[in-house]
Amino acid sequence: MAGERSALITALKRSQAADGSWRFPFETGISTDAYMIILLRTLDINDEPLIQALVERIESRQEANGAWKLFADEGDGNVTATVEAYYALLYSGYRQPTDRHMQKAKRRILDMGGLDRVHLFTKVMLALTGQYPWPGRFPLPLEFFLLPPSFPLNMYDLSVYGRANMIPLLIAADSRYSRKTDKSPDLSDLFASRGDWGMPESRSLLTYVKRSLIGLPAQLHQAAKQRAVRYLFEHIEPDGTLYSYFSSTFLFIFALLALGYRNDDPRIRQAVRGLRSLRTTIDGHVHLQYTTASVWNTALASYTLQEAGVPMTDRAIEKANRYLLSRQHVRYGDWAVHNPYSTPGGWGFSDVNTMNPDVDDTTAALRAIRQAAAKETAFRHAWDRANQWLFSMQNDDGGFAAFEKNVSSRFWRYLPIEGAEFLLMDPSTADLTGRTLEYFGTFAGLTKDQRAVSRAVDWLLSHQERNGSWYGRWGICYIYGTWAAITGLTAVGVPAHHPALQKAVRWLLSIQNDDGGWGESCKSDGAKTYVPLGDSTPVAWALDALVAAAERPTPEMKAGFRALFRLLHHPDWTASYPVGQGMAGAFYIHYHSYRYIFPLLALAHYEQKFGPLDD
């Protein structure tokens with residue numbers, strides 16, 4: 001398979017940008033495209049070329065029955081995506097309700113339950129733009145942000161993603177802000193009822209906040225709003241976005257409008273420019289990315305090329321690692337609230353991320369610079385700082401989370417906010433813990449005899465599913481989590497004959513498709529159980545896991561590689577199937593880099609361990 005390895009290496013090298021990064025699109029469906037049209041029209045920014053281009057992309061994704069989907073096997077359509085697309089197309093002014101494909105979309109929306117069935121954040125967007133009534137009260141009061149970190153429940157017990165979105169949302173909701181323009185369509189005929197948020201008040205939280213704060217209600221409320229606004233201004237990235245996320249920046253702009261800022265305020269203009277900079281092109285269509293994945297893609301690509309035998313002196317590796325060095329964080333972020341004795345040293349996900357590092361990107365970057373750290377002082381300093389930060393981020397339960405330490409209060413599961421488990425919590429996960437263990441064992445030279453490692457191993461072993469799999473939070477889903485757990489456990493010295501590893505391998509083999517490959521549906525995350533896709537995808541996680549856990553090559557591995565390379569040479573609909581997740585049932589990611597990176601990585605690991613793979 002030398003030819004396959006060479007072709008994948010060449011494809012990766014050719015896609016590298018001039019600055020050394022890899023800027024593969026971060027594709028998340030049509031929601032961001034729709035929201036950008038709605039935002040521009042609301043702000044009276046008549047960027048017609050961009051609006052028309054986004055209209056074309058949205059329409060290109062419509063199904064024959066009139067609906068839009070989040071993933072191919074979703075069924076008859078997704079009501080949230082369909083409402084967002086329909087609204088944006090009408091608001092653009094380039095499509096009319098009488099257009100045939102718009103009539104089909106409207107019928108599907110009504111068949112699926114109308115506006116009341118859309119996701120919480122879509123209801124927020126509709127309320128902000130005058131299409132949906134605000135609820136009487138949100139279950140999370142604005143005063144909550146006054147509670148200090150020393151309190152048992154406070155704003156820093158929310159995940160950083162939750163804070164980034166909930167704070168501007170609650171500022172806008174506080175004044176029940178909405179704005180229509182002379183171009184606003186009328187969506188009132190899409191209601192099945194009249195504005196059901198499905199979100200009763202959480203009186204226990206309201207009582208907790210009131211009892212915890214002493215002062216006049218009006219003064220407390222104003223102080224809470226000032227605190228919330230100050231938080232937003234302190235977390236603007238250099239490009240003007242809030243945390244470099246599309247959703248939080250969208251809400252940030254509306255929060256400023258609710259506070260009385262004008263459309264042409266410099267902060268709003270800069271935020272819009274930041275969102276425009278997320279523009280990319282996919283299959284000839286313009287797409288507004290949710291964020292950029294430049295650091296993530298670059299770290300994975302550099303590491304994978306080195307695993308495949310590309311020397312660190314190769315120009316592509318040198319440029320990539322210099323880029324990564326320039327993106328290591330030096331700013332303190334919210335992570336320091338629960339981890340006050342560490343210093344910055346991690347990496348974030350996007351090109352402009354300066355204060356929100358995460359464990360996964362940090363271990364990915366460390367894998368990429370490992371050889372350079374042994375030879376150059378600058379990389380060695382970066383290596384030492386990052387490792388210190390990484391070790392300090394281990395949760396008290398022994399596992400690792402994505403962004404912060406010990407932000408896993410189970411209280412949020414019971415808050416009547418849709419998707420609260422994914423939006424408001426950042427607990428230890430099998431994928432993060434497994435990937436961190438893999439880094440510790442393979443690149444930091446640690447074994448399960450070290451206390452930090454043994455605690456992480458114990459966490460993983462105690463969170464294995466009954467069928468032998470592990471649930472992965474940031475990928476789809478059980479194959480991803482099982483891959484991370486197997487590669488992590490074997491890297492730190494857990495033997496292949498360990499019952500947990502044997503059980504995991506049996507599970508992977510039991511779900512192998514007849515063609516030799518593997519494929520998992522995005523339905524798995526919502527169902528909280530493995531759901532087969534029915535076809536194989538060109539992501540080699542299962543193969544890499546089997547290689548890690550095997551003592552010799554097996555027929556199943558070879559069948560898997562044959563299926564993988566068939567898919568790479570003759571891609572089908574599965575080539576664009578999302579294999580990343582942000583929020584179950586709402587937010588899925590197609591990583592364009594994965595079809596190169598993970599097949600090459602699995603092949604490199606096989607050949608390192610067993611020698612050349614027979615053709």
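Here we summarise the structure given alongside this text. (Residues numbered from 1 in each chain as written. Predicted model: local features only at pLDDT ≥ 70, side-chain atom pairs only at ≥ 80, totals over all residues. Heavy atoms only, no water.)

On to the overall build of the chain, then. Each helix and strand counted, the chain has 25 helices and five strands in total. Here the C-alpha radius of gyration of the chain, 24 Å, is about what a compact globule of 615 residues would show, namely 25 Å. Along the first, second and third principal axes, the C-alpha set of the chain runs to 65 × 60 × 45 Å. The burial tally for the chain puts 62% of its 615 residues in the buried class. Considering only residue pairs separated by 6 or more positions, the chain has 74% of its internal contacts joining residues 24 or more positions apart. Counting only carbon and sulfur atoms, one obtains 50% of the accessible surface of the chain, whose full area is about 22900 Å². If the 64 positive side-chain charges of the chain are averaged to one point and the 64 negative ones to another, these points end up 3 Å apart. (Helix = DSSP H or I, 4+ residues; strand = E, 2+ residues; numbered from the N terminus. Rg over C-alpha atoms; globule rule 2.2 N^0.38 Å. Buried < 20%, exposed > 50% of the residue type's maximum accessible area, 1.4 Å probe, protein only. Contact = heavy atoms within 4.5 Å. Areas by Shrake-Rupley, 256 points an atom, 1.4 Å probe, with all protein chains shown as cover. Lys, Arg positive; Asp, Glu negative; His and termini not counted. Charge placed at Lys NZ, Arg CZ, Asp CG, Glu CD.)

All right, on to a negative patch on the surface then. Taken together, the side chains of Asp-514, Asp-515, Asp-535 and Asp-572 present a region of like negative charge at the surface. Structurally, Asp-514 is set in the loop between α21 (499-510) and α22 (523-527). (Patch = residues over 30% accessible without salt bridge, like charges linked within 9 Å, V, L, I, M, F, W, Y side chains within 5 Å. Salt bridge = Lys/Arg side-chain N within 4 Å of Asp/Glu carboxyl O.)

If you walk through the whole model with that rule in mind, you get 41 aromatic pairs. With a centroid separation of 5.5 Å and an interplanar angle of 75°, the aromatic rings of Phe-561 and Tyr-606 are classed as edge-to-face. Here Phe-561 is found in helix α24 (residues 555-569), whereas its partner Tyr-606 is found in helix α25 (residues 594-610), with 45 residues between them in sequence. Take Phe-561: its relative accessible area is 1%, and that puts it in the buried class. Taking relative accessible area as the criterion, Tyr-606 reaches 2% and is therefore assigned buried. Taking the ring centre of Tyr-303 as reference, the NZ or CZ of Arg-367 above it sits at 5.8 Å. (Phe/Tyr/Trp six-rings, centres within 6.5 Å; stacked < 30°, edge-to-face > 60°. Lys NZ or Arg CZ within 6 Å of the ring centre and 35° of its normal.)

On to the sheet that holds strand β4 (residues 580-583). Strand order in this open sheet of three strands is β1-β5-β4, and the pairing throughout is antiparallel. Edge positions in the open sheet fall to β1 (26-27) and β4, since each of these has one partner strand only. In this sheet, strand β5 (residues 587-591) lies alongside β4 in antiparallel orientation, the contact comprising three bridges. Of the residues in β5, the one forming a bridge with Gln-581 is Tyr-588. (Pairing = 2+ DSSP bridges.)

With that out of the way, let us pick up unusual backbone geometry. Even without being a glycine, Arg-176 presents a positive backbone phi close to 50°. Here Ser-244, not a glycine, exhibits a phi torsion of approximately 65°, which is positive. Among the secondary structure elements, Ser-244 is positioned in the loop between α9 (217-234) and α10 (246-258).

Further remarks concern the environment of Pro-357. By secondary structure assignment, the location of Pro-357 is in the loop between α14 (335-338) and α15 (359-373). C-alpha separation for the pair Pro-357 and Lys-523, spaced 166 residues apart in sequence, amounts to 29 Å. Excluding anything up to four places from it in sequence, Pro-357 contacts His-329, Trp-335, Gly-346, Trp-347, Gly-348, Trp-389, Ala-402 and Phe-403.

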